[in-house]
Amino acid sequence: MNEFINLIDYQTQLGCLEWQKKRNQILNRDNHRCQICGKGKSSQVRFNDQCWNIGIDYSNSSSEVLPVSLSISDFKNLVHAEALKIVKYRNDNHLLVGISDNGVLGVMNADNTPKLQSPDNLRINLIKHPSGLLSFVVRDKDISSDCINVEYSVYLSETPIVLNVHHKHYIIQHKAWEYLDEDLVTLCNECHTKIHQAIGVKVYSDENGYMRHVPLTPCARCYGAGHFPEYKHVENGICFRCRGARFEELIQGQQ
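Residues numbered from 1 in each chain as written. Predicted model: local features only at pLDDT ≥ 70, side-chain atom pairs only at ≥ 80, totals over all residues. Heavy atoms only, no water.

(A) Summary view of the overall build of the protein chain. Of regular secondary structure, the protein chain possesses six helices and 14 strands. Counting every position in the protein chain, which comprises 255 residues, the buried fraction comes to 47%. Counting only carbon and sulfur atoms, one obtains 48% of the accessible surface of the protein chain, whose full area is about 13800 Å². (Helix = DSSP H or I, 4+ residues; strand = E, 2+ residues; numbered from the N terminus. Buried < 20%, exposed > 50% of the residue type's maximum accessible area, 1.4 Å probe, protein only. Areas by Shrake-Rupley, 256 points an atom, 1.4 Å probe, with all protein chains shown as cover.)

Below, the structure is given as structure tokens:
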């Protein structure tokens, strides 16, 4: 069992400065967005005693801006909303997010912040996404809707969306940060879980340059991830079943 020491100690490795440095490097390379679904990390917004997890979805560049312009009051009537709140998106200082009290989302460039003092200066255009979802964009009434460039949309999630750096494979002798950049990729927690469930991650042993496949069975609860970053506030997100061991054979080795 000694050859599995780095796998057993994986949870501790994720707290090391070396991993944090490597993780940030990969996040920056991938523009802080999931490389499968295009989502960025969510932020929590409180509105009318409700908490919303909202974030940016960068996969909707082919979305269509509908030409009809609406005033704030017309928009609220259209979507049956009583209130509209504009908040600064924590993960991007240049982006404001609009949210109605019934969960309709939109975006606004922070350059228009002074206009918020006078709603009469604002206009709203609906955005139709390829999925059929509708959102909206808030703009200065003096800016033509033809000038709107929709590079992203806002998403709403029941649970927090966090970004993970995923190892495409594991090498027993390597610590978490001792991998080539090409062997690491940014995924949101939802896509990360799906990858571990559907594909899994192969484990290898480096034997003098020869990579020998080591057949290990992923934990039945975390599917080999070892932790749940979205629950970091509870024992640092460790999987309660495998306690970070990640594989059934290593769970048995801990007992």
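Now that the structure has been shown, the text picks up again.
(B) Structural context of the environment of Val-68. As for its placement among the helices and strands, Val-68 is situated in strand β3 (residues 64-70). Val-68 sits 58 residues away from Leu-126 along the chain, and the two C-alpha atoms are 7.7 Å apart. Leave out the neighbours within four places in its chain, and Val-68 touches Ile-124 and Asn-125. (Contact = heavy atoms within 4.5 Å.)

(C) Expanded view of the sheet that holds strand β11 (residues 169-171). Judged by pairing direction, the sheet is mixed, and its three strands sit side by side in the order β11-β13-β14 without closing on themselves. Pairing within the sheet leaves two strands with one partner each, and these edge strands are β11 and β14 (210-213). Taking the axes of each pair of neighbouring strands and ignoring which way they run, one obtains an average angle of 35° across the sheet. As paired elements, strand β13 (residues 202-207) and β14 share four bridges and run antiparallel to each other. When the bridges of β14 are listed, Tyr-204 appears paired with His-213. (Pairing = 2+ DSSP bridges. Axes fitted to C-alpha atoms, helices over the stretch in contact; angles between N-to-C directions.)

(D) Summary view of the side chain of Ser-205. Examined against the element boundaries, Ser-205 turns out to sit in strand β13. Among the residues examined, Ser-205 registers a relative accessible area of 2% and is labelled buried. Here Gln-173 takes part through its side chain, which lies 3.0 Å from a polar atom of the side chain of Ser-205. (Polar contact = N/O pair within 3.5 Å; in protein donor to acceptor, adjacent residues only side chain to side chain.)

(E) Inspection of the environment of Leu-180 at higher detail. As for its position among the elements, Leu-180 is in the loop between β11 and β12 (184-188). Among the residues examined, Leu-180 registers a relative accessible area of 55% and is labelled exposed. Between the C-alpha atoms of Leu-180 and His-167, which are 13 residues apart in sequence, the distance is 9.8 Å.

(F) Structural context of the sheet that holds strand β1 (residues 43-47). The three strands lie next to each other as β1-β2-β9, forming an open sheet whose pairing is antiparallel. In this open sheet, the two strands that pair with only one neighbour each are β1 and β9 (153-157). With strand direction ignored, the average angle separating the axes of adjacent strands in the sheet is 40°. Note that β1 and strand β2 (residues 50-57) share five bridges and pair antiparallel. Among the inter-strand pairings, Ser-43 is bridged to a residue of β2, identified as Ile-54.

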